[in-house]
Amino acid sequence: MVVAKFDIHHIARVEGHGDLFVELQKGKEPHVEMRVTEGTRLFEAFLRNQCFAEVSHVMSRICGICSHSHAVAALRAVEAALRIEPSHQTIQLRKLMLLGDMLESHALHINFLALPDYVGARNIVEMLPKYQKEVQRALQLKKLGNELMELVGGRHTHPLCAVVGGFTHVPSLTQLESMKKRLRAAIPDAKGQIELMGNFTDPQLVRRSQYLAVKHPKEYPIHDGQLVTDMGLQISVPEYQTMIKERNVPYAHAKFSEIKGTPFVVGSLARLNIAYDQLSDTAKQMIQQVGLKLPSYDIFQMNIGQAIEYLHYLDHAIEIIDELRRTKLEPHVAKHEARAGMSAAAVEAPRGVLIHRYAFDARGKVTSADVITPTAMNYANIEADIRALAPTLQDLSKEEAELKLNMLIRAYDPCISCSVHYLHTC
Amino acid sequence: MPTEKSKPVVAFYGLTCCAGCQLEVLNLEEELLEILGHINLVQFRMGSSAKHPGPYDVCFVEGSVTNEAELAHLKELREKSKVLVALGACATTGGVNALRNGRNIEELKQSVYGDASHVRTLPQIQPLKEYVKVDYELQGCPIAGDEFIEFLTALLTGGEPSEKNYAVCVECRLKENICLMKEGELCLGPITRAGCGARCPSVGFPCEGCWGPVPQANVESEINMFSQKGASFDVVVRKFRMFNASMEDFMKQLKKRLDIEWL
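Residues numbered from 1 in each chain as written. Chains lettered and ligands numbered in written order. Predicted model: local features only at pLDDT ≥ 70, side-chain atom pairs only at ≥ 80, totals over all residues.

## Considering the overall build of chain A
Check the secondary structure of chain A and you find 14 helices and 15 strands. Considering chain A as a whole, with its 426 residues, one finds that 59% of them fall into the buried category. Taking the contacts inside chain A whose residues are at least 6 apart along the sequence as the reference set, 74% of them involve residues at least 24 apart. (Helix = DSSP H or I, 4+ residues; strand = E, 2+ residues; numbered from the N terminus. Buried ≥ 20, exposed ≤ 12 C-beta atoms within 10 Å, placed from the backbone. Contact = placed C-beta atoms within 7 Å.)

## Some thoughts on the sheet that holds strand β5 (residues 136–138) of chain B
All names here are of chain B. The five strands lie next to each other as β2-β1-β3-β4-β5, forming an open sheet whose pairing is parallel. Looking at the sheet topology across the chains shown, the edges are occupied by β2 (40–44) and β5. Looking at each pair of strands side by side, their axes are set apart by 20 degrees on average, direction ignored. Direction of pairing for strand β1 (residues 9–14) relative to strand β3 (residues 56–62): parallel, over a ladder of five bridges. The partner of F12 across the bridge, within β3, is F60. (Pairing = 2+ DSSP bridges. Axes fitted to C-alpha atoms, helices over the stretch in contact; angles between N-to-C directions.)

## Considering the nonpolar core
Within the largest apolar cluster, 223 residues are counted, with the highest numbers of intra-cluster contacts made by V78, L148, A213, A346 and V353 of chain A together with V61 of chain B. With 14 residues, helix α4 (residues 88–118) of chain A is the largest single contributor of residues to this core. A domain split of this core shows at least three residues from each of domain 1 (9–156) and domain 2 (168–258) of chain B. Not counting chain neighbours up to four residues away, the residues in contact with A213 of chain A comprise P221, V228, V266, A270, R271, I274, A275, E348 and V353 of chain A. (Core = buried A, V, L, I, M, F, W, Y, C linked by C-beta atoms within 7 Å. Domains from an automatic or database assignment.)

## Quick look at the interface of chain A and chain B
Residue-level contacts link 51 residues of chain A with 45 residues of chain B. Counting residues per element, the ones that place at least two in the side of chain A that touches chain B are α1 (43–46), α2 (55–59), α4 and α5 (124–153) of chain A. Counting residues per element, the side of chain A that touches chain B draws most heavily on α5 of chain A, which supplies six residues. Of the residues contributing to the side of chain A that touches chain B, the split by class is 19 nonpolar, 21 polar and eleven charged. (Nonpolar A, V, L, I, M, F, W, Y, C, P; charged D, E, K, R; others polar.)

## Observations regarding the packing of α4 of chain A against helix α13 (residues 398–411) of chain A
Residue and element names in this part refer to chain A. Between α4 and α13, whose axes approach to 10 Å, the crossing angle comes to 150 degrees. Considering their axes alone, α4 and α13 lie roughly antiparallel with respect to each other. As α4 packs across α13, the resulting crossing turns out to be left-handed. Residue-level contacts link L113, A114 and D117 of α4 to L403, M407, R410 and A411 of α13. (Parallel < 35°, antiparallel > 145°, perpendicular 65-115°, else oblique. Left-handed = near helix turned anticlockwise from the far one by under 90°.)

## Details of the domain arrangement of chain B
Residues and elements named next belong to chain B. Structurally, chain B comprises domain 1 (9–156) and domain 2 (168–258). Between domain 1 and domain 2, the C-alpha centre-to-centre distance is 25 Å. Taken together, the 17 residues of domain 1 in the interface contact 13 residues of domain 2. In terms of residue class, the side of domain 1 that touches domain 2 is made up of eight nonpolar, eight polar and one charged.

## A few points about the confidence of the model for chain B
Mean pLDDT over chain B stands at 91; residues scoring 70 or higher make up 97%. Across chain B, element-level confidence peaks in strand β4 (residues 81–87) of chain B with a mean pLDDT of 98 and bottoms out in helix α5 (residues 105–113) of chain B with 78. (pLDDT = per-residue confidence, 0-100.)

## Focus on the pairing of strand β2 (residues 18–25) of chain A
Residue and element names in this part refer to chain A. Only one face of β2 is buried, namely the one carrying G18, L20, V22 and L24, since none of D19, F21, E23 and Q25 on the opposite face is buried. Sheet topology places strand β1 (residues 2–8) next to β2; six bridges connect them, and they run antiparallel. When the sheet's bridge partners are listed, F6 is paired in β2 with V22. Of the strand pairs in this sheet, β2 and strand β3 (residues 31–36) are connected by six bridges, and their pairing is antiparallel. Each bridged residue has a counterpart across the sheet, and for D19 the counterpart in β3 is R35.

## Description of helix α10 (residues 281–290) of chain A
Residues and elements named next belong to chain A. Here α10 has its buried residues at A283, M286 and I287. Buried residues of α10, viewed axially, fall in a sector of 105 degrees; they line one side. In α10, the exposed positions angled more than 90 degrees off the buried face are occupied by D281, Q288 and Q289. Immediately downstream of α10, the backbone of G291 shows phi near 70 degrees, a positive value. (Arc of directions from axis to C-beta.)

## Notes on the environment of Y251 of chain A
Residue and element names in this part refer to chain A. By the secondary structure assignment, Y251 is in the loop between β9 (244–247) and β10 (256–259). Using a count of 12 C-beta atoms within 10 Å as the deciding quantity, one classes Y251 as exposed. Placed 91 residues apart in sequence, Y251 and M342 show a C-alpha to C-alpha distance of 32 Å. In this structure Y251 touches E33 and R35, once residues within four positions along its chain are discounted.

As structure tokens, then:
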């Protein structure tokens, strides 16, 4: 007997198109379908025969919000496949692109997408009468991320001057100094954002899942490292297919992922659970101040997790700029030529681990491509979480129950357009 | 400030795309609140859980039609909207989505999904204006925020939004950039519509044509210039197709010159 049914069409305040279907039956496991309805995009397929130099520009178009993450993941995978060594300056500038992406996307998600639910609004504009200061702050924090991306990548959505081997254009010393000032000036606001999110302790959903992040020995996850789970698994990125297994589901234009037969989580909470000790000191202090306990298995803490990370990533960007200011910045593109090869790279996109893999023929043309996005990695876990949450929904009104379901999905900050193209095994 | 009643009812919808053009609107952090003072924004699923069934005074649609359901949705939006605006490359030229055009769709699907029986998608991507009447187009991948503001201002004040019927080269010259073509690069600036402010060439990257072809583009001369620089047919075709694979006139001229069956 069906005791409750939820059919949410076009989940709002997430990127892309998805529906949720939940059916609760007496004495049975809840039936949950995260329906990914975004039209299929076929990026990996039409990329074939494109030249290696064009890959990052095509692939950044997978996503407007995390275009810099896709561009950097693509560039690094192409370079690994063609055995091109980028300079230290190139690596540091790419980190700034990723950090800009984190700042912009986190500010957008925390304030525009997640926060309205916590204060009873349908969007950030409805928050204005009561939260004018917070809304203004959100806009400024978001803008700062865009400015950093624009400064380094040449444009805030779909970067321009980051190319295979390096950069066609670099920021001037004056521009970097001015950027550093603005990043420093944002620290109090970033702290305020954490304090605000610290006020919201409901809802909660504590369920032990496994967590995956790109772990680097020297820095908090962002640009490079190994694929590491909090259950002790660790492999190098090009071997990802031995760890992450995907399957088709009939109701989605995206594949669902598992590690060792169980769903897993990527995103802010995964990074915090796996690399807490690599956070900046100020970020650690704020964790203490708001009383966040890590590791945390409450998925709703993805939201405050992003606020903590915003502060850390500010500190990281300042550190990199300080280093770059001491060097002579010049446009530099490492020498390279077309050759056959295959490799993969992973970065941390705002929503979690992002993997790109490419193979090229001797002329440097793409013969196969594979992209696994963080949102696609999270789908199976979203469904598992909803199955766990479902029994608590029966006592709520339909409106309250649907709000809770929406909030749960939004906590993952899903980027649905990103997720709808998928594994190509060659 | 207009009164609540006199404000035009505005909606944003996305078909298949990266959502970057809607994001560009959200990225107008300095102007966003002021813009919202002049319009009654009733539908913007990316940023609001509010829903409004229409009708709309102005409806912005980003993305491409990739399946029958999206086509039906677009037609419905057309019927509900006084003014329909196609937003960005995916909606105006098909953008990178149109890179599937000319290829075998079953093979493409199969290579991404394996068993692709559950995947319904159209073999060709076309600009929205091929399916419904489009009143205005804002080009670019993504659109430029300042063009969006300029457009909206014209619309709100009863003026006619201006069309930039000249090439990117004009904007590039005004910025006093060094011509990348002269530096040996393959730049689509001479045949691409202006509006971006010569964004790419200004940071040393040749134009990729995301604003679509400028009216009366001299495609033949562009191909000649590319050939003189030693570009193979293959390279020329890829450059032209990147954002404009669904632009029939463009491809026809290319085909006439290069005689490639599938263009």
